[in-house]
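# Commentary on secondary and tertiary structure
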Amino acid sequence: TVEVRVSAARKSYGNTPVLDGLDLEVGRGEFLVVVGPSGSGKSTLLRVLAGLEHLDAGEVAWPASENEDRPAIGVVFQQPLLMPWLTVRENVALGGRYRANHGRFARSDVDDLLERFGLAELADARPARLSGGQAQRAAVARAVAVRPRLLLLDEPFSALDPATRHALQDWLRELVAQLELTVVLVTHDVDEALYLGHRIALLDGSGTVAAEWTGTPPQDR
Ligand code: ADP
Ligand code: ADP
């Protein structure tokens, strides 16, 4: 099942084409990593998938979502962007408020998520008390609380120290397998791409997918 299909996507800023006839499909349950150097259009592609940016030409189609223009999408950026005046529990619950069916998340649902994300002890803490890795896990929890059809991550671990980055890569891989999420992660880190991706698409600055690989079966680092 194709979850989302980007066809002949074009996007320029001023006279500079960033996406130049890009085609890409993401299958349900797939973990796709888009890798490429800085400025190759990874963030632009991610924002297009999130519906935060319009294409100049081409289209984004959700063939499996007949009744919705765009299904629920969770987004995680390089910075966790937690609301500093809210507790960790309130921040995660915020994700639930924006679910497609607009239902409120029960407190027990949020507590289950916090447990799963290793944040139960910190539920009543403010974000300022969290380490970088904990804050980014809270940001992923908030995105997952949306019950997204697609989870988008833009350089989610680039701001973390190497040990924390490796721990969160392992943790994300586990989480994605358990929850059977469909994921697109963009990164400039080739090691990260090879480690996480079921499939890897290379943006090389040409504005199109220059190459694709199928990832090797996950192995322990
Ligand atoms: P990447 O995520 O691969 O670093 P981006 O998608 O962020 O690439 O950016 C691709 C190119 O588009 C860069 O040259 C960047 O400066 C430019 N760009 C991105 N967003 C904007 C914007 N909102 N306005 C103008 N130029 C932009
Ligand atoms: P990333 O770290 O994900 O590559 P960028 O540095 O490409 O992020 O972009 C960060 C933000 O700045 C984005 O919202 C992007 O739209 C904006 N941006 C990037 N390049 C430009 C630019 N040349 N002019 C205006 N806005 C830009």
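Under an unreviewed UniProt entry, the name given to the protein chain is ABC transporter related protein, and the source organism is Thermomonospora curvata.

## Let's talk about the overall build of the protein chain
Counting secondary structure elements, the protein chain contains six helices and nine strands. Scaling as 2.2 N^0.38, a compact globule of 221 residues should have a C-alpha radius of gyration of about 17 Å, and the protein chain matches this with 17 Å. If one aligns the C-alpha atoms of the protein chain with their principal axes, the spans along those axes are about 45 × 40 × 35 Å. Across the 221 residues of the protein chain, 49% fall into the buried class. A sequence separation of at least 24 residues applies to 71% of the contacts in the protein chain between residues at least 6 apart. Summed over all atoms, the accessible surface of the protein chain reaches about 10900 Å², with 47% contributed by carbon and sulfur. Looking at the protein chain, you have 23 positive and 30 negative side-chain charges, and the mean spots of the two groups are 6 Å apart.

## Observations regarding the site of ligand 2
Near ligand 2, the surroundings consist of Ser43, Arg47, Gln78 and Asp154. Between an oxygen atom of ligand 2 and a side-chain N or O atom of Ser43, the distance comes to 2.6 Å. A distance of 3.2 Å is found between an oxygen atom of ligand 2 and a side-chain nitrogen or oxygen belonging to Arg47. Here the residues of the shell around ligand 2 are counted per class, giving no nonpolar, two polar and two charged.

## Details of the side chain of Arg173
Within the secondary structure, Arg173 sits in helix α5 (residues 162-179). Within the structure, Arg173 has its side chain in polar contact with the backbone oxygen of Tyr195 (distance 3.4 Å).

## Considerations on the packing of aromatic side chains
Evaluated as defined, the whole model comprises one aromatic pair. With a centroid separation of 5.3 Å and an interplanar angle of 70°, the aromatic rings of Phe117 and Trp171 are classed as edge-to-face. Of the two residues, Phe117 is situated in the loop between α3 (107-116) and α4 (132-144) and Trp171 in helix α5; the sequence distance between them amounts to 54 residues. On the basis of relative accessible area, Phe117 is assigned to the buried category, the value being 0%.

## Here's the deal with the sheet that holds strand β8 (residues 199-203)
Spatial strand order, β5-β6-β7-β3-β8-β9: six strands in an open sheet with mixed pairing. Two strands lie at the open edges of the sheet, namely β5 (73-76) and β9 (209-214), each paired on one side alone. Adjacent strand axes in the sheet meet at a mean angle of 15° when their direction is disregarded. Pairing geometry for β8 and β9, over five bridges, is antiparallel. Across the sheet, residue Ala201 finds its bridge partner in β9, namely Glu212. Relative to the sheet, α4 contacts β5 and β6 (150-154), its axis offset from that of β5 by approximately 165°.

## Here's the deal with the site of ligand 1
If you check the shell around ligand 1, you find Tyr13, Val18, Pro37, Ser38, Gly39, Ser40, Gly41, Lys42, Ser43, Thr44 and Arg47 and nothing else. Between ligand 1 and Gly41, the relevant distance is 3.0 Å, taken from an oxygen atom to a main-chain nitrogen or oxygen of the residue. Between ligand 1 and the protein, one listed contact pairs an oxygen atom with a side-chain N or O atom of Thr44 at 2.5 Å. In isolation ligand 1 exposes 550 Å². Once the protein is present, 56% of that is buried. Per-element accounting of the shell around ligand 1 gives the leading share, four residues, to helix α1 (residues 42-50). Of the residues assigned to the shell around ligand 1, the class counts are three nonpolar, six polar and two charged.

What counts and what doesn't
- Residues numbered from 1 in each chain as written.
- Chains lettered and ligands numbered in written order.
- Predicted model: local features only at pLDDT ≥ 70, side-chain atom pairs only at ≥ 80, totals over all residues.
- Heavy atoms only, no water.
- Helix = DSSP H or I, 4+ residues; strand = E, 2+ residues; numbered from the N terminus.
- Rg over C-alpha atoms; globule rule 2.2 N^0.38 Å.
- Buried < 20%, exposed > 50% of the residue type's maximum accessible area, 1.4 Å probe, protein only.
- Contact = heavy atoms within 4.5 Å.
- Areas by Shrake-Rupley, 256 points an atom, 1.4 Å probe, with all protein chains shown as cover.
- Lys, Arg positive; Asp, Glu negative; His and termini not counted.
- Charge placed at Lys NZ, Arg CZ, Asp CG, Glu CD.
- Near = heavy atom within 4 Å.
- Polar contact = N/O pair within 3.5 Å; in protein donor to acceptor, adjacent residues only side chain to side chain.
- Nonpolar A, V, L, I, M, F, W, Y, C, P; charged D, E, K, R; others polar.
- Phe/Tyr/Trp six-rings, centres within 6.5 Å; stacked < 30°, edge-to-face > 60°.
- Pairing = 2+ DSSP bridges.
- Axes fitted to C-alpha atoms, helices over the stretch in contact; angles between N-to-C directions.

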